[in-house]
Amino acid sequence: MAVRADINKCFSESGVNMNDFAQKIQQQALLLGFEGCGICALETPEDVDFVKHWLARGWHGKMDWMVHHLELRADLTRIMPQAKRAILVRMAYPVDTRSSELLLNAPTHGYISRYALGRDYHKVLRGRLQKLGIWMSEQLQPLGFRVCVDSAPVLEKALAREAGLGWIGKHTLLLHREAGSYFFLGVLLTDAELPIEKTIGAYMTVRGERSAAKTNHAPVSGAAAGVLPYAPTKGSATPCHI
């Protein structure tokens with residue numbers, strides 16, 4: 001705790017306007033090739049509870065690795081002890097202009113999922129996030145960060161929702177008004193106590209709830225109102241395994 005207090009003191013004495021710094025981070029993320037960037041707190045208690053119930057029901061199928069390290073998903077300071085904020089970024093899938101129907105019907109061609117086209121997205125996302133973290137540390141010292149791209153047990157979708165990058169749809173994926181679900185998510189944990197624009201995350205959550213209510217022709221209540229964050233589709237993985 002003493003170390004964290006010293007870090008926060010250094011930040012406060014640096015003379016850097018944290019609101020301006022947060023905006024510059026988002027601008028720098030766009031310059032690095034990301035389509036979206038948001039900042040949020042580390043806590044997503046409702047989502048952690050949902051994951052616990054989801055695992056208890058066995059909906060993870062044969063993905064036994066999901067059972068491990070649940071305590072890390074619940075408390076990101078176990079991954080980075082000094083972490084105060086999560087910076088979420090969105091990067092679009094590679095574009096394939098060829099007709100999916102033609103490819104599927106061509107006996108001499110194989111169809112590759114869009115997310116797997118191009119370079120390994122882990123390396124691309126990690127490289128860009130690393131550059132963002134280094135840029136941040138050059139603007140504000142001392143600053144610590146950790147990049148997470150499928151390399152740590154992090155609830156990326158929940159954090160991205162809180163950061164205002166979209167809302168979670170019935171298909172359990174993060175939805176964006178223009179980009180749909182065709183994008184990757186990356187996380188950069190930082191010990192900088194950046195301002196949080198809670199109104200953005202709240203707006204996106206409400207948008208998702210209203211959309212669900214409109215589709216169901218019913219008022220927003222119960223699971224659709226956020227008791228189960230990914231309701232009404234629970235996203236069981238068991239049908240995917242033979």
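Shown above is the structure to which this text applies.
Calculation rules
- Residues numbered from 1 in each chain as written.
- Predicted model: local features only at pLDDT ≥ 70, side-chain atom pairs only at ≥ 80, totals over all residues.
- Heavy atoms only, no water.
- Pairing = 2+ DSSP bridges.
- Helix = DSSP H or I, 4+ residues; strand = E, 2+ residues; numbered from the N terminus.
- Axes fitted to C-alpha atoms, helices over the stretch in contact; angles between N-to-C directions.
- Contact = heavy atoms within 4.5 Å.
- Phe/Tyr/Trp six-rings, centres within 6.5 Å; stacked < 30°, edge-to-face > 60°.
- Buried < 20%, exposed > 50% of the residue type's maximum accessible area, 1.4 Å probe, protein only.
- Left-handed = near helix turned anticlockwise from the far one by under 90°.
- Nonpolar A, V, L, I, M, F, W, Y, C, P; charged D, E, K, R; others polar.

Moving on to the sheet that holds strand β3 (residues 145-148). Reading across the sheet, the 4 strands line up as β1-β2-β6-β3 and stay open at both edges, with antiparallel pairing between neighbours. The sheet terminates laterally at β1 (36-40) and β3, the two strands that pair on one side only. In this sheet, adjacent strand axes meet at a mean angle of 20 degrees when their direction is disregarded. As defined by bridge partners, strand β2 (residues 85-92) adjoins strand β6 (residues 183-190) across 8 bridges and the pair is classed as antiparallel. Bridged to Leu88 within β6 is Val187. On top of the sheet, helix α2 (residues 18-31) reaches β1 and β2; it is set at about 150 degrees to β1, its chief contact. Most of the contacts of helix α6 (residues 121-139) go to β6, to which it runs at about 35 degrees, and overall it touches β2, β3 and β6.

Scanning the entire structure with this criterion turns up 6 aromatic pairs. Consider the rings of Tyr93 and Tyr115, whose centres lie 6.4 Å apart with planes at 50 degrees: the pair is tilted. Residue Tyr93 is found in the loop between β2 and α5 (100-105), and its partner Tyr115 is found in the loop between α5 and α6; the two are separated by 22 residues along the sequence. Residue Tyr115 is classed as partly exposed on the basis of its relative accessible area of 41%. Ring geometry for Tyr93 and Phe184: centres 4.6 Å apart, planes at 55 degrees, overall tilted. Of this pair, Tyr93 sits in the loop between β2 and α5 while Phe184 sits in strand β6; the two residues are 91 residues apart in sequence, bridging distant segments of the chain. A relative accessible area of 7% means that Phe184 is categorised as buried. Taken together, Tyr93, Tyr115, Tyr121, Tyr182 and Phe184 form an aromatic cluster joined through their ring pairs.

Time to look at the packing of α2 against α6. Closest axis-to-axis distance for the α2/α6 pair is 10 Å, and the angle between their directions is 145 degrees. The chirality of how α2 crosses α6 is right-handed. Along the contact surface, α2 presents Phe21, Lys24, Ile25, Gln28 and Ala29, while α6 presents Leu132, Trp135, Met136 and Gln139. The residue inventory of the contact of α2 with α6, partitioned by class, reads 6 nonpolar, 2 polar and 1 charged.

Distances and angles like these do not, on their own, reveal function.
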